[in-house]
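What follows is each chain in one-letter form.
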Amino acid sequence: MDPTASLFSLEGRVALVTGASSGLGAHFAQVLANAGAKVAVAARREDRLIALAERIQKGGGRALPVVMDVVDVESVDHGVMEVETELGPIGILVNNAGIASTAPALDTAERDWDAVIGTDLKGAWLVAQSTARRMVKLGHGGSIINVGSILGLQAAAQVPAYSAAKAALHQLTRTLAVEWARHGIRVNALAPGYIQTDLNKEFLTSPQGAAVLKRNPLHRAGGVHELDGALLLLASEAGSYINGAVLVIDGGHSIAI
């Protein structure tokens, strides 16, 4: 095997991906499985998780559907232990679960604010904490990858809760990276730009979406596959000295004037 390729191999590793019932989470799970990891796919919609696990297994991978509500600490702890029992100790966590609410700040309802902050920030914290506790107890370390956003790095109208949650998640990433490094746990974040998925395709292909993408130096949205390299870098030994980083993958959108 090419020694460079082996750096990115995840053979023998166990990964947990939250928010895996659709979109980026489902894609990330498939990418990790393709790299050799045994993958636990977690979310609330069991039917979609089962379908995803079956697709991974038909491709020769190993996958476990895990029903998990990331804002419920008992659900999180139970899910983490289920993964450990069925697949082995978790060495890779992809904290992808997230929701958004679009409304002007003056019109954002408290329930919508709480829901977004709860899922995107508190949920990531609970899953990271539960997973890290097991890593520390078992003494094997690992890699935690939080999925942030360029909207946590630059201001945008009508997404106050989402932007605040992602900005806080980036800082939480740095804090945990400093605190948990002594346990052999690396904590990093991906900060994707406008990546086209089934959920946002209608917007990105609309006149409004076209206007947003026009500000991108590449003049287009990213494809989900364009996150694969960054994900594997942070998950594998290829990124063994990367800790506390917020890796921006946005085609230059966030730095364009």
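Each value, and the rule that gives it
Just so you know, the residues in each chain are numbered from 1, in the order the chain's sequence is written. Only residues with pLDDT of 70 or above have their local features reported here, since the model is predicted, and side-chain atom pairs are shown and tallied only from 80 upward, although totals for entire chains, interfaces and linings are computed over all residues. Side-chain figures throughout are based on the complete set of non-hydrogen atoms in the structure, without hydrogens or water. Between any two strands, pairing holds if DSSP finds at least two bridges. Going along the chain from the N terminus, every DSSP run of H or I of four or more residues is numbered as a helix, and every run of E of two or more is numbered as a strand. Angles run from 0 to 180 degrees between N-to-C directions of axes, and those axes are lines fitted to C-alpha atoms, restricted for helices to the stretch in contact. Residue contacts are counted whenever heavy atoms from the two residues lie within 4.5 Å of one another. Remark: nonpolar core denotes a set of buried residues (Ala, Val, Leu, Ile, Met, Phe, Trp, Tyr, Cys) joined through side-chain atoms within 4.5 Å. Throughout this description, buried means an accessible area under 20% of the type-specific maximum (1.4 Å probe, protein chains only), exposed means over 50%, and partly exposed covers the range between. In protein, a polar contact means a hydrogen-donor-capable atom and an acceptor-capable atom, both N or O and within 3.5 Å, with residues adjacent in sequence counting only if both atoms are side-chain atoms; elsewhere, any N or O pair within 3.5 Å suffices.

(A) The sheet that holds strand 7 (residues 246-249), seen in detail. Pairing is parallel across the open sheet formed by seven strands, whose spatial order is 3-2-1-4-5-6-7. Only two strands of the sheet have a single neighbouring strand rather than two, namely strand 3 (62-67) and strand 7. In this sheet, neighbouring strand axes are inclined to one another by 20° on average, regardless of whether the strands run parallel or antiparallel. With three bridges connecting them, strand 1 (residues 14-18) and strand 4 (residues 92-95) associate as parallel partners. Across the sheet, residue Val 17 finds its bridge partner in strand 4, namely Val 94. This element, helix 3 (residues 46-58), spans strand 2 (38-43) and strand 3 of the sheet and lies at about 175° to strand 3.

(B) Representation of the nonpolar core within the structure. The biggest cluster of nonpolar side chains holds 34 residues, and the ones touching the most others in it are Phe 28, Leu 32 and Val 94. Only strand 1, helix 2 (23-34), strand 2, helix 3, strand 4, strand 5 (142-147) and helix 9 (228-235) provide two or more residues apiece to this core. Here this core takes seven residues from helix 2, the largest share from any one element. Every residue in contact with Leu 32, bar those within four places of it in the chain, is listed here: Leu 10, Ala 15, Val 17, Ala 37, Val 39, Val 94, Leu 231, Leu 232 and Ala 235. Core analysis: the next-biggest nonpolar cluster, separate from the first, contains 29 residues, Ala 42, Leu 64, Ala 97 and Ala 132 among them.

(C) Expanded view of the environment of Arg 186. As for its placement among the helices and strands, Arg 186 is situated in strand 6 (residues 185-192). Along the backbone, Arg 186 and Ile 92 are 94 residues apart, and their C-alpha atoms lie at a distance of 9.7 Å. The residues touching Arg 186, leaving out its near neighbours within four places in the chain, are Gly 142, Ser 143, Ile 144, Leu 234, Ala 235, Ser 236, Gly 239, Ser 240, Ile 242 and Asn 243. A polar contact is formed between the side chain of Arg 186 and the backbone oxygen of Gly 239, at a distance of 2.7 Å. From its side chain, Arg 186 meets the backbone oxygen of Ile 242 in a polar contact 3.1 Å long.

(D) Quick look at the side chain of Asn 96. Relative to the helices and strands, Asn 96 is located in the loop between strand 4 and helix 5 (110-138). At a separation of 3.1 Å, a polar atom in the side chain of Asn 96 contacts the main-chain carbonyl oxygen of Gly 19. If sequence neighbours within four positions are ignored, Asn 96 has contacts with Thr 18, Gly 19, Leu 24, Gly 25, Phe 28 and Val 147.

From the geometry alone we can't say anything about function, so treat these as descriptive.
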